[in-house]
Amino acid sequence: MTTILEAIDIGFGYSPRVRLLNEWSASFREGEVVGITGSSGRGKSTLLYLLGLMLRPDDGSLLVDGQPVHSLSDSYRSRLRAQKFGFVFQDAVLDATRTVLDNVVETALYRGEARRDVVPLAMDLLERFGVQLRANAKPGQVSGGQAQRIALCRALLGRPRILLADEPTGNLDSESAEVVVRAFREHAERGSVVLIVSHDAQLVARCDRSIAL
Ligand SMILES: Nc1ncnc2c1ncn2[C@@H]1O[C@H](COP(=O)(O)OP(=O)(O)OP(=O)(O)O)[C@@H](O)[C@H]1O
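Predicted model only: the values in this text are computed from it and were never measured.

Caption draft 1: Quick peek at the packing of helix α3 (residues 100-110) against helix α4 (residues 115-128). Remark: α3 packs on α4, axes separated minimally by 9 Å, with the N-to-C direction vectors making an angle of 130 degrees. When the interaxial angle is binned, α3 and α4 end up oblique. Pair α3 / α4 crosses with right-handed handedness. Of the residues in α4, those in contact with L101, V104, V105, A108 and L109 of α3 are R115, V118, V119, A122, L125 and L126. In the contact of α3 with α4, the residues fall into ten nonpolar, no polar and one charged.

This is how it looks when you write it as C-alpha coordinates:
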(Lines give C-alpha, C1' and ligand atoms only; values in the text may rest on other atoms or scores of the structure.)
Protein backbone atom coordinates (compact mmCIF):
# COMPACT_ATOMS: atom_id res chain seq x y z
CA MET A 1 0.00 0.00 0.00
CA THR A 2 1.23 3.50 -0.84
CA THR A 3 2.61 5.55 2.02
CA ILE A 4 0.82 8.89 2.25
CA LEU A 5 2.39 10.47 5.30
CA GLU A 6 5.72 9.76 6.93
CA ALA A 7 7.39 11.27 9.99
CA ILE A 8 11.07 10.53 10.46
CA ASP A 9 12.81 11.24 13.77
CA ILE A 10 10.57 14.18 14.59
CA GLY A 11 11.46 16.26 17.65
CA PHE A 12 9.29 19.01 19.11
CA GLY A 13 8.79 21.07 22.25
CA TYR A 14 6.94 24.33 22.87
CA SER A 15 9.97 25.32 24.94
CA PRO A 16 13.43 23.74 25.22
CA ARG A 17 12.60 22.53 28.74
CA VAL A 18 9.41 20.73 27.76
CA ARG A 19 10.08 18.32 24.93
CA LEU A 20 6.96 16.49 23.78
CA LEU A 21 8.44 14.41 20.98
CA ASN A 22 11.92 12.97 20.54
CA GLU A 23 12.98 11.07 17.41
CA TRP A 24 9.37 10.11 16.75
CA SER A 25 8.81 8.14 13.54
CA ALA A 26 5.73 6.66 11.94
CA SER A 27 4.31 6.06 8.51
CA PHE A 28 0.71 6.01 7.41
CA ARG A 29 -0.62 4.26 4.34
CA GLU A 30 -3.57 4.55 2.00
CA GLY A 31 -6.70 2.91 3.35
CA GLU A 32 -5.71 3.03 7.02
CA VAL A 33 -7.66 4.35 9.99
CA VAL A 34 -5.13 4.87 12.79
CA GLY A 35 -5.89 5.73 16.41
CA ILE A 36 -3.49 7.85 18.47
CA THR A 37 -3.70 7.48 22.23
CA GLY A 38 -1.84 8.81 25.26
CA SER A 39 -2.49 10.41 28.60
CA SER A 40 -3.82 13.95 28.86
CA GLY A 41 -1.15 16.54 28.06
CA ARG A 42 1.12 13.97 26.43
CA GLY A 43 1.09 15.85 23.12
CA LYS A 44 -1.51 14.11 20.94
CA SER A 45 -3.12 17.31 19.64
CA THR A 46 0.33 18.80 19.14
CA LEU A 47 1.25 15.78 17.03
CA LEU A 48 -1.80 16.40 14.82
CA TYR A 49 -0.74 20.05 14.43
CA LEU A 50 2.72 18.89 13.35
CA LEU A 51 1.40 16.23 10.96
CA GLY A 52 -1.17 18.76 9.66
CA LEU A 53 1.55 21.33 8.86
CA MET A 54 0.29 23.85 11.41
CA LEU A 55 3.48 23.58 13.44
CA ARG A 56 7.00 22.79 12.29
CA PRO A 57 9.07 20.14 14.02
CA ASP A 58 12.35 21.27 15.62
CA ASP A 59 14.14 18.33 14.04
CA GLY A 60 13.47 15.42 11.77
CA SER A 61 11.49 15.37 8.57
CA LEU A 62 7.97 14.98 7.37
CA LEU A 63 6.94 13.67 3.96
CA VAL A 64 3.54 14.03 2.33
CA ASP A 65 3.12 11.73 -0.66
CA GLY A 66 6.90 11.38 -0.70
CA GLN A 67 7.53 15.14 -0.76
CA PRO A 68 9.57 16.62 2.13
CA VAL A 69 7.44 19.41 3.60
CA HIS A 70 9.22 20.53 6.78
CA SER A 71 11.26 23.25 5.09
CA LEU A 72 8.69 24.54 2.58
CA SER A 73 7.51 28.16 2.87
CA ASP A 74 4.45 28.95 4.98
CA SER A 75 2.39 29.84 1.92
CA TYR A 76 3.25 26.60 0.14
CA ARG A 77 2.39 24.64 3.28
CA SER A 78 -0.96 26.45 3.49
CA ARG A 79 -1.75 25.51 -0.08
CA LEU A 80 -0.78 21.90 0.55
CA ARG A 81 -2.99 21.91 3.62
CA ALA A 82 -5.96 23.14 1.61
CA GLN A 83 -5.33 20.57 -1.14
CA LYS A 84 -4.63 17.46 0.85
CA PHE A 85 -5.71 17.82 4.47
CA GLY A 86 -8.99 17.79 6.30
CA PHE A 87 -9.34 18.64 9.98
CA VAL A 88 -11.96 17.74 12.53
CA PHE A 89 -10.77 19.44 15.67
CA GLN A 90 -12.48 19.82 19.03
CA ASP A 91 -12.84 23.58 18.73
CA ALA A 92 -14.64 23.09 15.43
CA VAL A 93 -14.05 26.74 14.41
CA LEU A 94 -17.16 27.28 12.33
CA ASP A 95 -17.64 30.81 11.04
CA ALA A 96 -20.40 32.20 13.28
CA THR A 97 -21.51 34.78 10.71
CA ARG A 98 -22.33 32.28 7.97
CA THR A 99 -24.87 29.49 7.73
CA VAL A 100 -24.07 25.86 8.44
CA LEU A 101 -24.32 25.06 4.72
CA ASP A 102 -21.92 27.89 3.82
CA ASN A 103 -19.47 26.63 6.42
CA VAL A 104 -19.59 23.13 4.96
CA VAL A 105 -18.97 24.21 1.34
CA GLU A 106 -16.30 26.81 2.22
CA THR A 107 -13.19 24.65 1.64
CA ALA A 108 -14.49 23.18 -1.62
CA LEU A 109 -15.22 26.69 -2.96
CA TYR A 110 -11.75 27.84 -1.87
CA ARG A 111 -10.36 25.00 -3.98
CA GLY A 112 -12.24 26.34 -6.99
CA GLU A 113 -15.23 24.00 -7.15
CA ALA A 114 -18.56 25.42 -8.31
CA ARG A 115 -21.18 26.09 -5.66
CA ARG A 116 -23.95 24.41 -7.69
CA ASP A 117 -21.85 21.20 -7.74
CA VAL A 118 -20.95 21.09 -4.07
CA VAL A 119 -24.23 22.17 -2.44
CA PRO A 120 -26.06 18.87 -3.25
CA LEU A 121 -23.06 16.90 -1.94
CA ALA A 122 -23.01 19.00 1.21
CA MET A 123 -26.74 18.45 1.75
CA ASP A 124 -26.24 14.67 1.36
CA LEU A 125 -23.52 14.72 4.00
CA LEU A 126 -25.57 16.85 6.39
CA GLU A 127 -28.44 14.38 5.98
CA ARG A 128 -26.19 11.42 6.59
CA PHE A 129 -25.08 12.93 9.88
CA GLY A 130 -28.60 13.95 10.87
CA VAL A 131 -28.08 17.72 10.74
CA GLN A 132 -29.71 18.59 7.40
CA LEU A 133 -32.48 20.55 9.13
CA ARG A 134 -29.84 22.90 10.54
CA ALA A 135 -28.40 23.78 7.09
CA ASN A 136 -29.67 27.37 7.20
CA ALA A 137 -28.97 27.93 10.89
CA LYS A 138 -25.95 29.84 12.15
CA PRO A 139 -23.34 27.83 14.09
CA GLY A 140 -24.34 29.66 17.29
CA GLN A 141 -27.78 28.05 17.01
CA VAL A 142 -26.61 24.42 16.96
CA SER A 143 -25.51 22.11 19.77
CA GLY A 144 -21.89 21.07 20.43
CA GLY A 145 -22.50 17.60 19.01
CA GLN A 146 -24.16 19.08 15.92
CA ALA A 147 -21.24 21.49 15.44
CA GLN A 148 -18.87 18.53 15.57
CA ARG A 149 -20.83 16.68 12.88
CA ILE A 150 -21.00 19.85 10.74
CA ALA A 151 -17.21 20.19 10.97
CA LEU A 152 -16.96 16.56 9.91
CA CYS A 153 -19.18 17.21 6.86
CA ARG A 154 -16.94 20.13 5.91
CA ALA A 155 -13.82 17.95 6.18
CA LEU A 156 -15.31 15.02 4.23
CA LEU A 157 -16.67 17.26 1.46
CA GLY A 158 -13.08 18.27 0.71
CA ARG A 159 -12.25 14.56 0.10
CA PRO A 160 -8.88 15.08 1.83
CA ARG A 161 -6.11 12.59 1.27
CA ILE A 162 -5.20 12.99 4.95
CA LEU A 163 -7.99 13.42 7.49
CA LEU A 164 -6.91 14.41 11.01
CA ALA A 165 -9.52 14.15 13.75
CA ASP A 166 -9.12 15.22 17.38
CA GLU A 167 -11.67 13.54 19.68
CA PRO A 168 -14.21 13.44 16.84
CA THR A 169 -16.84 11.60 18.85
CA GLY A 170 -16.31 13.52 22.10
CA ASN A 171 -19.74 15.18 22.10
CA LEU A 172 -21.69 12.37 20.44
CA ASP A 173 -23.98 9.60 21.64
CA SER A 174 -23.03 6.06 20.65
CA GLU A 175 -25.37 5.95 17.64
CA SER A 176 -23.96 9.16 16.13
CA ALA A 177 -20.44 7.98 16.94
CA GLU A 178 -21.12 4.81 14.99
CA VAL A 179 -22.11 6.84 11.90
CA VAL A 180 -18.87 8.81 12.23
CA VAL A 181 -16.70 5.71 12.50
CA ARG A 182 -18.34 4.20 9.42
CA ALA A 183 -17.77 7.43 7.49
CA PHE A 184 -14.07 7.41 8.44
CA ARG A 185 -13.72 3.83 7.29
CA GLU A 186 -15.37 4.52 3.93
CA HIS A 187 -13.27 7.64 3.49
CA ALA A 188 -10.02 5.73 4.10
CA GLU A 189 -11.09 3.00 1.69
CA ARG A 190 -11.37 5.57 -1.09
CA GLY A 191 -7.59 6.07 -0.92
CA SER A 192 -6.98 8.28 2.09
CA VAL A 193 -5.59 7.93 5.57
CA VAL A 194 -7.55 8.88 8.69
CA LEU A 195 -5.75 9.65 11.97
CA ILE A 196 -7.90 9.86 15.07
CA VAL A 197 -6.75 11.16 18.45
CA SER A 198 -9.04 9.83 21.14
CA HIS A 199 -9.39 8.77 24.75
CA ASP A 200 -12.38 6.62 23.71
CA ALA A 201 -11.13 3.03 23.95
CA GLN A 202 -14.08 1.72 21.93
CA LEU A 203 -13.35 4.08 19.09
CA VAL A 204 -9.63 3.28 19.11
CA ALA A 205 -10.39 -0.46 19.14
CA ARG A 206 -12.23 -0.01 15.86
CA CYS A 207 -9.20 1.52 14.12
CA ASP A 208 -6.91 -0.68 12.00
CA ARG A 209 -4.12 -0.03 14.49
CA SER A 210 -3.23 2.41 17.20
CA ILE A 211 -0.12 4.27 18.28
CA ALA A 212 0.45 5.16 21.92
CA LEU A 213 2.35 8.39 22.54
N1 LIG B 1 0.69 26.71 22.31
C2 LIG B 1 1.25 26.11 23.37
N3 LIG B 1 2.27 26.69 24.02
C4 LIG B 1 2.88 26.09 25.08
N5 LIG B 1 2.50 24.88 25.57
C6 LIG B 1 1.48 24.27 24.96
C7 LIG B 1 0.79 24.84 23.83
N8 LIG B 1 -0.18 23.98 23.45
C9 LIG B 1 -0.11 22.94 24.29
N10 LIG B 1 0.88 23.09 25.18
C11 LIG B 1 1.28 22.13 26.24
O12 LIG B 1 1.83 21.00 25.57
C13 LIG B 1 1.41 19.81 26.21
C14 LIG B 1 0.71 18.90 25.22
O15 LIG B 1 -0.53 19.46 24.86
P16 LIG B 1 -1.52 18.69 23.86
O17 LIG B 1 -2.76 19.50 23.77
O18 LIG B 1 -0.82 18.37 22.60
O19 LIG B 1 -1.79 17.34 24.67
P20 LIG B 1 -2.89 16.20 24.47
O21 LIG B 1 -2.19 14.90 24.61
O22 LIG B 1 -3.64 16.44 23.21
O23 LIG B 1 -3.83 16.47 25.73
P24 LIG B 1 -5.40 16.16 25.99
O25 LIG B 1 -5.56 14.67 25.91
O26 LIG B 1 -5.60 16.68 27.37
O27 LIG B 1 -6.18 16.92 24.94
C28 LIG B 1 0.54 20.23 27.38
O29 LIG B 1 1.35 20.24 28.55
C30 LIG B 1 0.09 21.62 27.01
O31 LIG B 1 -0.14 22.39 28.17
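What follows continues from the structure just given.
Caption draft 2: Up close: the environment of V18. Inspection of the secondary structure assignment puts V18 in strand β2 (residues 18-29). The spatial distance from the C-alpha of V18 to the C-alpha of V88 is 26 Å, given a sequence separation of 70 residues.

Caption draft 3: Structural view of the nonpolar core. V104, C153, L195 and I196 are the most contacted members of the largest nonpolar core, which totals 56 residues. Among the elements that make up this core, the one with the highest residue count is helix α5 (residues 144-157) (eight residues). Dropping the residues within four chain positions of it, L195 is found in contact with F28, V34, I36, L48, L51, L164 and A165.

Caption draft 4: Region of interest: the site of the ligand. Every residue close to the ligand is listed here: Y14, L20, G38, S40, G41, R42, G43, K44, S45 and T46. With three residues, helix α1 (residues 44-51) is the largest single contributor of residues to the shell around the ligand. Residues belonging to the shell around the ligand are distributed by class as follows: two nonpolar, six polar and two charged.

Caption draft 5: Region of interest: unusual backbone geometry. One non-glycine residue, R159, lies in the positive phi region at around 45 degrees. Phi at E167 takes a positive value of approximately 45 degrees, unusual for a residue other than glycine.

Caption draft 6: Looking closely at the sheet that holds strand β5 (residues 67-68). Across the sheet, four strands lie side by side as β2-β1-β4-β5; this open sheet has antiparallel pairing. Because the sheet does not close on itself, it has two edges, and the strands there are β2 and β5. Judged from the two bridges that link them, strand β4 (residues 59-64) and β5 form a sheet pairing that is antiparallel. By the bridge assignment, L63 is partnered in β5 with P68. Running over the sheet, α1 touches β1 (3-15) and β2 and is turned about 125 degrees from β1.

Caption draft 7: Fine view of the confidence of the model for the protein. Taken residue by residue, the protein gives an average pLDDT of 91. The fraction at 70 or more is 99%. For the protein, helix α6 (residues 174-189) is the element with the lowest average pLDDT, namely 88, and strand β8 (residues 193-197) is the one with the highest, namely 97. Taken over the whole predicted complex, pTM reads 0.91, whereas the ipTM for its chain interfaces reads 0.97.

Caption draft 8: Inspection of the environment of R161 at higher detail. With respect to the helices and strands, the residue R161 is situated in the loop between α5 and β7 (162-166). The sequence separation of R161 and A188 amounts to 27 residues, and the corresponding C-alpha distance is 8.4 Å. If we skip the residues at most four places from it in the chain, R161 touches I4, K84 and S192.

Caption draft 9: Up close: the sheet that holds strand β3 (residues 33-37). An order of β6-β7-β8-β3-β9 is seen for the five strands of this open sheet, with the pairing classed as parallel. Among the strands making up the open sheet, the edge pair consists of β6 (85-88) and β9 (209-212). Strand after strand, the sheet turns through a mean of 20 degrees between neighbouring axes, direction not considered. Pairing of β3 with β9 involves four bridges; the strand directions are parallel. Pairing of T37 across the sheet is with A212, part of β9. Those strands touched by α6 are β3, β7 and β8, and its axis lies near 145 degrees from that of β8.

Thresholds, definitions, all that
- Residues numbered from 1 in each chain as written.
- Predicted model: local features only at pLDDT ≥ 70, side-chain atom pairs only at ≥ 80, totals over all residues.
- Axes fitted to C-alpha atoms, helices over the stretch in contact; angles between N-to-C directions.
- Helix = DSSP H or I, 4+ residues; strand = E, 2+ residues; numbered from the N terminus.
- Parallel < 35°, antiparallel > 145°, perpendicular 65-115°, else oblique.
- Left-handed = near helix turned anticlockwise from the far one by under 90°.
- Contact = placed C-beta atoms within 7 Å.
- Nonpolar A, V, L, I, M, F, W, Y, C, P; charged D, E, K, R; others polar.
- Core = buried A, V, L, I, M, F, W, Y, C linked by C-beta atoms within 7 Å.
- Buried ≥ 20, exposed ≤ 12 C-beta atoms within 10 Å, placed from the backbone.
- Near = placed C-beta within 6 Å.
- Pairing = 2+ DSSP bridges.
- pLDDT = per-residue confidence, 0-100.

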